[in-house]
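Here is what each chain is made of, one letter per residue.
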Amino acid sequence: MLIPVFGVLANFVCMAFYIVGPFMGYGTKMEPFGALGIAAIWAVYGAIYFAKSSKATGRTTMVTARPGV
């Protein structure tokens, strides 16, 4: 549990610096927003692709019940 929490925390710290850094004089001010826009577009494309490919193969995308042991 500690490793995933640390990973998420490290990602948030890096993203915060990536957004705040240009205002402190490191890089351009539009660079972080451009990267976030590209990431958002890529995430939407990935979600659409995942949903379509799962539907085409007959698999569900969301688990509704736990499998029996």
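Higher on the page you've got the structure.
Could you clarify how one ought to interpret the environment of Ala 35 in this entry?
As for its placement among the helices and strands, Ala 35 is situated in helix α2 (residues 31-57). Expressed as a C-alpha distance, the spacing of Ala 35 and Tyr 18, which sit 17 residues apart in the sequence, is 9.8 Å.

Honestly, the packing of aromatic side chains in this entry has me stumped. Any pointers?
Centre-to-centre distance and the angle between the planes together describe a pair of aromatic rings. By the definition in use, this model includes two aromatic pairs. Each ring, one from Trp 42 and one from Tyr 45, has its centre 5.5 Å from the other, and the planes form 35°; the classification is tilted. One end of the pair is Trp 42 and the other is Tyr 45, both in helix α2 and three residues apart, which spans about a single turn. Here Tyr 45 and Tyr 49 contribute two aromatic rings whose centre-to-centre distance is 6.5 Å and whose plane-to-plane angle is 25°, an arrangement assigned as stacked.

It is not clear to me how the environment of Phe 17 should be interpreted in this structure. Could you clarify?
Turning to its location among the elements, Phe 17 is positioned in helix α1 (residues 2-20). Residue classification places Phe 17 among the partly exposed positions, given a relative accessible area of 48%. A sequence separation of 41 residues divides Phe 17 from Gly 58, and the C-alpha atoms of the two residues are 42 Å apart. If near-sequence neighbours (up to four positions away) are discounted, Phe 17 is found in contact with Pro 22 and Tyr 26.

About the criteria used
- Residues numbered from 1 in each chain as written.
- Predicted model: local features only at pLDDT ≥ 70, side-chain atom pairs only at ≥ 80, totals over all residues.
- Heavy atoms only, no water.
- Helix = DSSP H or I, 4+ residues; strand = E, 2+ residues; numbered from the N terminus.
- Phe/Tyr/Trp six-rings, centres within 6.5 Å; stacked < 30°, edge-to-face > 60°.
- Buried < 20%, exposed > 50% of the residue type's maximum accessible area, 1.4 Å probe, protein only.
- Contact = heavy atoms within 4.5 Å.

That's the geometry; what it means functionally is another story.
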